[in-house]
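If you want the building blocks of each chain, they are given just below.
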Amino acid sequence: MSRALVTVPLNIPDVRIVRTETNKNDELIITIESTKHGVACRVCGQWIEKFHGHDAWVTVRHLPVFGRRTYLRYRPKRYQCQTCAERPTTTERVAWHESNSPHTAAFDMHLLLQLVNATVEDVRHKEQVAYDRVLGALERRISAKVDWSAYRALGLVGLDEIALKKGHRDYVVIVTARLADGRLVLLGVLPDRTKATVVAFLRTIPARLQRTIRTVCCDMYEGYTEAVREELKTARLVIDRFHVAEHYHAAADTLRKQELKRLKQALSEADYKALKGSMWAFRKKPADLKPEEREVLARLFGHAPYLEQAYELREQLTAIFEEHISKTVAKIKIQAWIKRVKDSELKCFDEFLKTLANWWEDITNYFVNRDNSGFVEGLNNKLKVLKRRCYGLFNVAHLFQRIYLDLEGYRLFAN
Ligand SMILES: [Zn+2]
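Residue numbers restart at each chain and count upward from 1, following the sequence in its written direction. Residue-level local features of this predicted model are given only where pLDDT is at least 70; pairs of side-chain atoms are given and counted only at 80 or more, and the full residue set underlies all totals for whole chains, interfaces and linings. Computation of side-chain values: all heavy atoms of the structure, hydrogens and water removed.

Topic: the overall build of the chain
For clarity, the threshold we go by: Helical segments are the DSSP runs of H or I of at least four residues, strand segments are the runs of E of at least two, and each set is numbered from the N terminus. Throughout, the radius of gyration refers to the C-alpha atoms, and the reference size of a globule is 2.2 Å times the residue count to the power 0.38. Should any heavy atoms of two residues lie within 4.5 Å, those residues are counted as being in contact. For every accessible area listed, the method is Shrake-Rupley and the probe measures 1.4 Å; residues are considered covered only by the protein chains on display.
On a plain count of helices and strands, the chain comes out with 17 helices and 14 strands. A globule of 415 residues ought to have a C-alpha radius of gyration of about 22 Å, yet the chain, at 30 Å, is considerably larger. Taken along the three principal axes of its C-alpha coordinates, the chain extends 90 × 60 × 35 Å. Partitioning the intrachain contacts of the chain with sequence separation of at least 6 by distance along the chain shows that 59% fall at a separation of at least 24. Roughly 22,600 Å² of accessible area belongs to the chain as shown, and the carbon and sulfur atoms make up 51% of that amount.

Regarding the coordination of the zinc ion
We count it as follows: Counted as donors are N, O and S atoms no farther than 2.8 Å from the metal, or 3.2 Å for Na, K and Ca; water is not among the atoms, and sites may therefore look incomplete. When four donors show all angles between 85 and 135 degrees the site is tetrahedral, when four or six donors have opposite pairs over 155 degrees and all other angles between 65 and 115 it is square planar or octahedral respectively, and in every other case it is irregular. Note on exposure labels: buried denotes an accessible area under 20% of the residue type's maximum, exposed denotes more than 50%, and partly exposed covers the range between, all computed with a 1.4 Å probe on protein chains only.
On the protein side, the zinc ion has Cys41 (SG), Cys44 (SG), Cys81 (SG) and Cys84 (SG) as donor atoms, found 2.3 to 2.4 Å from it. Its four donor atoms give the zinc ion angles of 103 to 114 degrees at the centre, a pattern that matches the tetrahedral case. Mapped onto the sequence, the residues coordinating the zinc ion show the spacing C-x2-C-x36-C-x2-C. Take Cys44: its relative accessible area is 38%, and that puts it in the partly exposed class.

A few points about helix H11 (residues 305-322)
The test is simple: An expected span of 1.5 Å times one less than the residue number is assigned to each helix.
Its 18 residues give H11 an end-to-end C-alpha distance of 26 Å, which sits within 8% of 26 Å, the value for a rise of 1.5 Å per residue. Those residues of H11 lying buried are Leu307, Ala310, Tyr311, Leu313, Arg314, Glu315, Leu317, Thr318, Ile320 and Phe321.

Points about the packing of helix H4 (residues 195-204) against helix H6 (residues 222-231)
Keep this limit in mind: Throughout, an axis means a line fitted to C-alpha atoms (over the contacting stretch in the case of helices), and angles, computed between N-to-C directions, take values from 0 to 180 degrees. Here is the rule for handedness: rotate from the far helix to the near one, and if that takes an anticlockwise turn smaller than a right angle the crossing is left-handed, while a clockwise turn gives right-handed. Each residue is assigned to one class: nonpolar for Ala, Val, Leu, Ile, Met, Phe, Trp, Tyr, Cys and Pro, charged for Asp, Glu, Lys and Arg, and polar for all the others, Gly among them.
For the pair H4 and H6, interaxial distance at closest approach is 8 Å and the crossing angle is 35 degrees. Handedness of the H4/H6 crossing: right-handed. Two secondary-structure elements touch here, H4 through Lys195, Val198, Val199, Leu202 and Arg203 and H6 through Gly223, Tyr224, Glu226, Ala227, Val228, Glu230 and Glu231. Of the residues in the contact of H4 with H6, the class split is six nonpolar, one polar and five charged.

Things to note about the sheet that holds strand S2 (residues 28-34)
What counts, and what does not: Two strands pair if DSSP finds at least two bridges between them.
Spatial ordering of the open sheet is given by S1-S2-S7-S6, a layout of four strands whose pairing is mixed. Pairing within the sheet leaves two strands with one partner each, and these edge strands are strand S1 (15-22) and strand S6 (58-65). In this sheet, neighbouring strand axes are inclined to one another by 25 degrees on average, regardless of whether the strands run parallel or antiparallel. Direction of pairing for S6 relative to strand S7 (residues 68-74): antiparallel, over a ladder of six bridges. Paired with Val65 across the bridge in S7 is Arg68.

Concerning the packing of helix H3 (residues 131-141) against helix H17 (residues 396-413)
Threshold: For classification, angles of less than 35 degrees are called roughly parallel, those exceeding 145 degrees roughly antiparallel, those between 65 and 115 degrees roughly perpendicular, and all remaining angles oblique.
The interhelical angle for the contact between H3 and H17, taken along N-to-C directions, is 85 degrees, at an axis separation of 11 Å. Compared by their axis directions, H3 and H17 come out roughly perpendicular. Judged by residue contacts, Leu135, Leu138 and Glu139 of H3 engage His398, Gln401, Arg402 and Leu405 from H17. Of the residues belonging to the contact of H3 with H17, the class tally is three nonpolar, two polar and two charged.

With respect to the pattern of salt bridges
Just so we agree on the cut-off: Note on definitions: salt bridges are taken to be side-chain nitrogens of Lys or Arg within 4 Å of carboxyl oxygens of Asp or Glu.
For the structure on display, the rule yields 29 salt bridges. Residue Glu408 pairs with Arg183 through a salt bridge whose shortest N-O separation is 3.2 Å. Here Arg183 lies in the loop between strand S11 (171-178) and strand S12 (184-190) and Glu408 lies in helix H17, a separation of 225 residues in the sequence. With its nearest N and O atoms 2.7 Å apart, the salt bridge here joins Glu322 to Arg241. Taken together, the residues Glu322 in helix H11 and Arg241 in helix H7 (residues 241-266) connect sequence positions 81 residues apart. Residue Glu322 is classed as partly exposed on the basis of its relative accessible area of 45%. One network of salt bridges, in which partners are shared, links Glu98, Asp108, Arg140 and Arg141.

Take a look at the structure:
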């Protein structure tokens with residue numbers, strides 16, 4: 001083995017290297033000594049310099065050196081106060097290591113950078129640290145709550161829910177904001193979507209920031225909308241257009257299911273088989289269709305003209321939402337669309353028409369500024385992955401830390 005040596009700076013302030021050695025596990029052990037003199041007395045706060053002796057040796061994990069596990073070993077110094085009556089002693093504090101942490105601050109940050117968009121399991125294996133120690137770094141370095149002082153204005157706020165367990169009516173609400181510079185930030189993770197919970201959260205927003213919330217985007221759910229109307233009187237409520245689209249897409253899809261059921265009876269086996277793949281084709285917008293999907297859709301519509309009508313109406317409504325028009329013009333266009341639906345013999349949109357009437361102002365508010373929580377979509381994908389990643393780790397504080405780390409980790413810990 002080559003014994004050629006390199007010298008690299010330790011990059012830790014106020015320490016002197018006493019010894020560098022490798023142990024039998026080929027780990028690098030660097031013994032260091034603080035060159036700082038004195039500490040603030042833990043009782044009176046006065047700077048004290050009377051040396052009182054050393055504490056026990058502490059060995060902490062540090063950044064790897066050339067892929068080798070590396071530890072720093074030091075004995076904290078203790079000082080005694082000459083002013084306080086009890087003559088209390090105080091252990092020195094070093095900026096690069098928090099007492100009780102098994103890691104240096106730099107190693108904590110290294111672990112967290114590895115944890116961005118990854119699992120604790122991944123990091124545990126790659127870095128050869130215990131599972132709990134990865135979590136420990138997260139607990140030490142990432143707050144479980146938003147720090148309001150980090151923001152000057154919030155702009156657009158989104159309330160979105162994710163189901164924690166598939167098929168369970170068990171939601172947490174993710175509250176995000178899109179700042180003026182386009183950055184998506186996490187404001188909160190709420191344990192449920194009841195109005196009381198949302199109200200309680202909105203009240204934690206400092207008044208100076210509440211005033212900066214221009215728009216709140218959410219789904220058609222009274223828990224959200226009532227809470228927002230009561231607590232954020234100056235914000236515009238917008239029902240997210242993508243939630244609206246889910247509703248009318250589902251409406252058209254109901255007819256598709258009915259028609260396919262009917263066609264299964266009415267058509268020959270071969271003709272019915274030729275409709276294979278029509279479900280996915282039907283769900284897509286025309287521009288996204290591949291040639292073979294276009295064909296299967298044409299065959300389907302040949303057998304089910306009502307379904308073609310539903311498809312066209314669905315797409316016409318989407319086209320209105322795509323247009324850059326005022327709220328007033330949008331209302332006129334959507335009214336005309338409603339009339340076309342009513343004039344058709346279709347029943348599949350009946351429920352949706354009621355929804356549209358119930359939420360008319362909030363849905364058409366979209367056209368005022370074309371705000372939507374599409375920006376949360378990227379986050380939703382992250383959340384899906386995160387859900388798979390930390391199955392069984394669902395408390396809202398932990399979820400907040402994990403999402404926060406995914407969103408901000410590179411900015412905070414890279415470099
Ligand atoms: Zn003192």
